Amino acid sequence: MEGNVKKNFIFLSLYKLFEMLLPMITSPLLSRRLGAESLGKYTYYYSIVSMFVVVAELGSYKYGIREIAKVRENKKDLKRVYSEIFFTRFFNGLIVGIAYILFLYINKELYLIQISMALFIISNMIDNSFLYIGIEKVGPLTLRDSLVKIVSFILIVLLINNANDLVLYVLIMAFSTLICRFISLFFSLKYVSFEIPNIKKCLMHYKPMLGLTIPTLAAVIYQSMDRIMIGFFYNNAEVGYYDCASKVLIPRNIITALGTVLCPSVANLYYRNKIAKANKILENSFMVSMIMSYAFMFGISAIAYQFAPWFWGDEFFVCSPMIVGLSITIPIWTVGEVIRNQYLLPIGKDKEYIISFLMGVGANAIANCLLIQKFGANGAIIATILSETIMSLTQVYFVRKQLKVGLYLIGTIPYFIIGLIMFSGIQILNDILTIFLNNQTLLLLIEILFGSTFFMIAICLYENITNKHLVLKVIRKKGEN
């Protein structure tokens, strides 16, 4: 099992890294060709359709991973459970799709863009990625999705030229997602086949899936709320700036990848009552995730003011303080991410999972109303920091008797200090190099290389001196958690 976790983490991390790099490549191209106004429109309407997509999903992704992980050793049960979850999701998505069409009939603004986005709902109806994660066959899924994304990237480069191509951009993004889902559906026949599901058993799945819809919907509302409220209270251009700045959060996907591949293993261990082993895996995962979050926060903050105008153009210099603000949320978010996806969800504590998300969303909505009208996107970022803190603290409170989160965090303090020193070193290096270098690209490359090299060398020295070997264990021992 440990080998599978390691291999799946590598596959999913590489895929998430690819997902991270692709928008980072397309983002400056789109910011220059479509402009902040058109990007803001896309982000605004995509945020709306995302809420319909989450209701269509019905919490089946995380629920499906957990339930598939429990029965994956029994082919008969696997076939039954997979069919029940898939068809429950499909018919729920069909109902939501009809509701979305009715919504479009009422709201006809930019109708062509919104009707094109209906393809995202159709894609969600046939999404069976929960199967691949549950049976720990991540490699084929990520490889096929990557190929489709490469094709969509080529189409964007060749076909998107100005703000008038916004609808075409929507269609490229939507069809690429739909094609990924059809391919995934076809190749899943290698592992499991469909059977006609029992309606009563589908309804039995519906209740817990509906329960998990609440935090999933809360998560999307939480992620989309800032953009929607900035567009409503401020303007679309500010949405575009915020959306560009939010790209700095993409590295969080690597931390999410670790939780995603561990979730079925941890769920399976708890299901077989191997509590001590599951808790040890979670402790190590928490520590490694926090170390990564410190590297991302300090590294991104250190280069923010040079990166934004170089990457998106001078018009987007205003994104720089937004980038710094959003990077601060990464470690705060990581605490909650590990607890909810590697503990609360695998052991079935859905109630606590739901409450923590609702508290975060509520706090974000109130803070947004108070801050966005005056401060625009920067107000939304302050609200995000506040709500992420509330959400993570709530989850820490729920697991205070089972997990020693405070001790885990204390153990990461030396890594935090290493990150802080790295940040200061990059700032000093920037002050020195700007005297001699006019090439902003070369300057950024040197700073990134220096920061990443320093962080890894400092960690290796610290762990060798203290004989801690937390990160070194992950690097050296492939099969070990």
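Look a little higher up for the structure.
Residues numbered from 1 in each chain as written. Predicted model: local features only at pLDDT ≥ 70, side-chain atom pairs only at ≥ 80, totals over all residues. Heavy atoms only, no water.

Just give me the short version of the overall build of the chain, but keep the residues and values in it.
Along its length, the chain carries 20 helices and zero strands. Out of the 481 residues in the chain, the part that is buried amounts to 56%. Within the chain, counting contacts between residues at least 6 apart in sequence, those at least 24 apart form 83% of the total. Surface accessibility of the chain: about 21,200 Å² in total, with carbon and sulfur atoms responsible for 69%. (Helix = DSSP H or I, 4+ residues; strand = E, 2+ residues; numbered from the N terminus. Buried < 20%, exposed > 50% of the residue type's maximum accessible area, 1.4 Å probe, protein only. Contact = heavy atoms within 4.5 Å. Areas by Shrake-Rupley, 256 points an atom, 1.4 Å probe, with all protein chains shown as cover.)

So what about the environment of Val-71? Which residues, and what values?
Mapped onto the secondary structure, Val-71 falls in helix α3 (residues 60–71). Taking the C-alpha atoms as reference points, Val-71 and Gly-134, separated by 63 residues in sequence, lie 9.2 Å from one another. Once residues lying within four places of it in the same chain are set aside, the contact partners of Val-71 are Asp-77, Leu-78 and Val-81.

Run through the environment of Ile-303, naming residues and quoting values.
When you line up the elements, Ile-303 lands in helix α13 (residues 275–312). Once you skip the residues sitting within four places of it in the chain, Ile-303 turns out to touch Ile-426, Leu-444, Glu-447 and Ile-448.

Explain the pattern of salt bridges to me, and be specific about the residues and the numbers.
All chains considered together, the criterion is met by ten salt bridges. A salt bridge links Arg-340 to Glu-337, with the shortest nitrogen-to-oxygen separation between them at 3.4 Å. Within this pair, Arg-340 and its partner Glu-337 are both found in helix α14 (residues 319–344), separated by three residues, close to a single helical turn. For the pair shown, Arg-340 and Glu-337 are each scored as buried. Here the salt bridges do not stand alone but share partners, grouping Arg-66, Glu-67 and Lys-70 into one network. (Salt bridge = Lys/Arg side-chain N within 4 Å of Asp/Glu carboxyl O.)

With reference to specific residues and values, describe helix α15 (residues 350–375).
Helix length check: α15 (26 residues) gives 36 Å between terminal C-alpha atoms against 38 Å at 1.5 Å per residue, within 8%. Asn-368 marks where α15 bends most, by close to 35 degrees. Directly beyond the C-terminal end of α15, a positive phi value near 65 degrees is found at Gly-376. (Expected span 1.5 Å × (residues − 1). Bend = angle between axes of the 7 residues up to and from the residue.)

With reference to specific residues and values, describe helix α16 (residues 377–398).
Compared with the 32 Å implied by 1.5 Å per residue over 22 residues, the 32 Å span of α16 between its first and last C-alpha is a close match. Among all positions in α16, only Ala-377, Gly-379, Ala-380, Ile-381, Ala-383, Thr-384, Ser-387, Glu-388, Met-391, Ser-392, Thr-394 and Gln-395 are buried.

Tell me about the side chain of Ser-289, and please be specific about residues and values.
Mapped onto the elements, Ser-289 comes out in helix α13. For Ser-289, a relative accessible area of 0% corresponds to the buried category. A distance of 2.8 Å separates the side chain of Ser-289 from the backbone oxygen of Ser-285, its partner in a polar contact. With sequence-adjacent residues up to four places away left out, Ser-289 is seen in contact with Ile-255, Leu-258, Thr-334 and Val-338. (Polar contact = N/O pair within 3.5 Å; in protein donor to acceptor, adjacent residues only side chain to side chain.)

An account of the nonpolar core is needed here, citing residue identities and associated values.
Met-117, Trp-312 and Ile-323 are the most contacted members of the largest nonpolar core, which has 120 residues in total. Take this core: its biggest share by element is 21 residues, from α13. With near-sequence residues (within four places) excluded, Met-117 lies in contact with Tyr-42, Tyr-45, Tyr-46, Val-49, Tyr-100 and Val-170. (Core = buried A, V, L, I, M, F, W, Y, C linked by side-chain atoms within 4.5 Å.)

With reference to specific residues and values, describe a nonpolar patch on the surface.
A grouping of Leu-147, Ile-150, Val-151, Ile-154, Leu-155, Leu-158, Leu-159 and Leu-168 is seen on the molecular surface, where their side chains present a nonpolar patch of about 680 Å² in accessible area. Tracing the chain through its elements places Leu-168 in helix α9 (residues 166–187). (Patch = residues over 30% accessible without salt bridge, like charges linked within 9 Å, V, L, I, M, F, W, Y side chains within 5 Å.)

Outline the packing of aromatic side chains, supporting the account with residue identities and numerical values.
Within this structure, the stated rule accounts for 23 aromatic pairs. Between Tyr-132 and Tyr-191, the ring centres sit 6.0 Å apart and the planes meet at 80 degrees, which makes this aromatic pair edge-to-face. Taken together, the positions of Tyr-132 in helix α7 (residues 129–134) and Tyr-191 in the loop between α9 and α10 (199–233) put the pair 59 residues apart, joining distant regions of the chain. The ring centre of Tyr-397 lies 3.9 Å from the NZ or CZ of Arg-400, which sits over that ring. (Phe/Tyr/Trp six-rings, centres within 6.5 Å; stacked < 30°, edge-to-face > 60°. Lys NZ or Arg CZ within 6 Å of the ring centre and 35° of its normal.)

Describe the packing of helix α6 (residues 118–125) against α9, with residues and values.
Closest axis-to-axis distance for the α6/α9 pair is 9 Å, and the angle between their directions is 10 degrees. What the angle tells us is that α6 and α9 run roughly parallel. Across the interface between the two elements, Leu-119, Phe-120, Ile-122 and Ser-123 from α6 touch Leu-171, Met-173, Ala-174, Phe-175, Thr-177, Leu-178 and Arg-181 from α9. Looking at the contact of α6 with α9, its residues break down into eight nonpolar, two polar and one charged. (Axes fitted to C-alpha atoms, helices over the stretch in contact; angles between N-to-C directions. Parallel < 35°, antiparallel > 145°, perpendicular 65-115°, else oblique. Nonpolar A, V, L, I, M, F, W, Y, C, P; charged D, E, K, R; others polar.)

That is the geometry; function is a separate question.
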